[in-house]
Amino acid sequence: MQQHEPSVLSLSHRIVRGLAIRSADDTGWGHPLWLALLVAASAAFSFVFACATPFAAFGAAAALTLTRRDAMRLTVAVWLASQVLGYTVLKYPWTANSFAWGAVLGAAAVLTTVAARGVARRLAGASDGVLALATLLAALMVYEGMLFAVAMAWLGGTENFTLPIVGRIFAVNVAVLIGLSALHRVGVAVGFVGPSSLRPSAAGGTA
């Protein structure tokens, strides 16, 4: 290992800095447009990664950068986009089991965002790297934990929770955070996204 190779925390520090979407009191046409772009990005990621929609990454990003209301709106919109894309383009089966899993995914996505916001607020005084990594890990644990519990108790499919598959999902979510960072840089460059504080006390209001 080279002496100056960046650590995981330094990488997450750069990612979370790049995820500065807008503060809670930042209004105007750029804010809804940015939310719309995030939903469009989620659809693109859902298409690329098929059944591995990165709900944890979007939940973590929402928790770190949006108000509670906007975080929930974004989460529901991301879920709806993934379902529409899944059933119209990716040819999800029109079966009771498939519909049930769709509903479970929506509930898991919402709980993931709620959990991520809780962790982000509790670690508001931590460094950006710790905050980003902890929030993403919490989001992944809640999301995967709920899906595994449902798979065991009701819908089946526990064979999809092997270490390689879970590791791939983790890598996908990290990649999505990096992608969101790049998207934000484009937004800043064209002038409709402004940098803001990522502290949950500033971006995580109740509105």
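A word on the side chain of N173. Following the sequence through the fold, N173 ends up in helix 7 (residues 163-190). One polar contact links the side chain of N173 to the main-chain amide nitrogen of A57, over a distance of 2.8 Å. The residues contacting N173, other than those within four sequence positions of it, are P54, F55, A56, A57, L136 and L140.

A word on the nonpolar core. By size, the foremost hydrophobic cluster in this structure holds 38 residues, and its most contacted members are L38, F58, W101 and V176. Elements supplying a minimum of two residues to this core: helix 2 (30-49), helix 3 (55-65), helix 4 (68-88), helix 5 (96-122), helix 6 (128-155) and helix 7. Dropping the residues within four chain positions of it, V176 is found in contact with F45, F49, P54, A57 and F58.

Attention now goes to the pattern of salt bridges. Applying the stated criterion to the full structure yields one salt bridge. Here R73 makes a salt bridge to D70, at a shortest N to O gap of 3.6 Å. Of this pair, R73 and D70 are both found in helix 4, three residues apart, which corresponds to roughly one turn of the helix. You can call D70 buried: its relative accessible area is 9%.

Here we come to unusual backbone geometry. Here K91, not a glycine, exhibits a phi torsion of approximately 60 degrees, which is positive. Structurally, K91 can be placed in the loop between helix 4 and helix 5. Here K91 falls in the exposed class, since its relative accessible area comes to 62%.

Now for the environment of A175. The residue A175 is located in helix 7 in this model. The sequence separation of A175 and A57 amounts to 118 residues, and the corresponding C-alpha distance is 8.8 Å.

Packing of helix 3 against helix 4 brings their axes to within 9 Å, and their N-to-C directions diverge by 160 degrees. As summarised for this structure, helix 3 and helix 4 are arranged roughly antiparallel, according to the angle between their axes. Relative to helix 4, helix 3 is oriented so that their crossing is right-handed. Of the residues in helix 4, those in contact with F55, F58 and A62 of helix 3 are A71, L74, V78, W79 and S82. Broken down by class, the residue content of the contact of helix 3 with helix 4 amounts to seven nonpolar, one polar and no charged.

Cut-offs applied
Residues numbered from 1 in each chain as written. Predicted model: local features only at pLDDT ≥ 70, side-chain atom pairs only at ≥ 80, totals over all residues. Heavy atoms only, no water. Helix = DSSP H or I, 4+ residues; strand = E, 2+ residues; numbered from the N terminus. Polar contact = N/O pair within 3.5 Å; in protein donor to acceptor, adjacent residues only side chain to side chain. Contact = heavy atoms within 4.5 Å. Core = buried A, V, L, I, M, F, W, Y, C linked by side-chain atoms within 4.5 Å. Buried < 20%, exposed > 50% of the residue type's maximum accessible area, 1.4 Å probe, protein only. Salt bridge = Lys/Arg side-chain N within 4 Å of Asp/Glu carboxyl O. Axes fitted to C-alpha atoms, helices over the stretch in contact; angles between N-to-C directions. Parallel < 35°, antiparallel > 145°, perpendicular 65-115°, else oblique. Left-handed = near helix turned anticlockwise from the far one by under 90°. Nonpolar A, V, L, I, M, F, W, Y, C, P; charged D, E, K, R; others polar.

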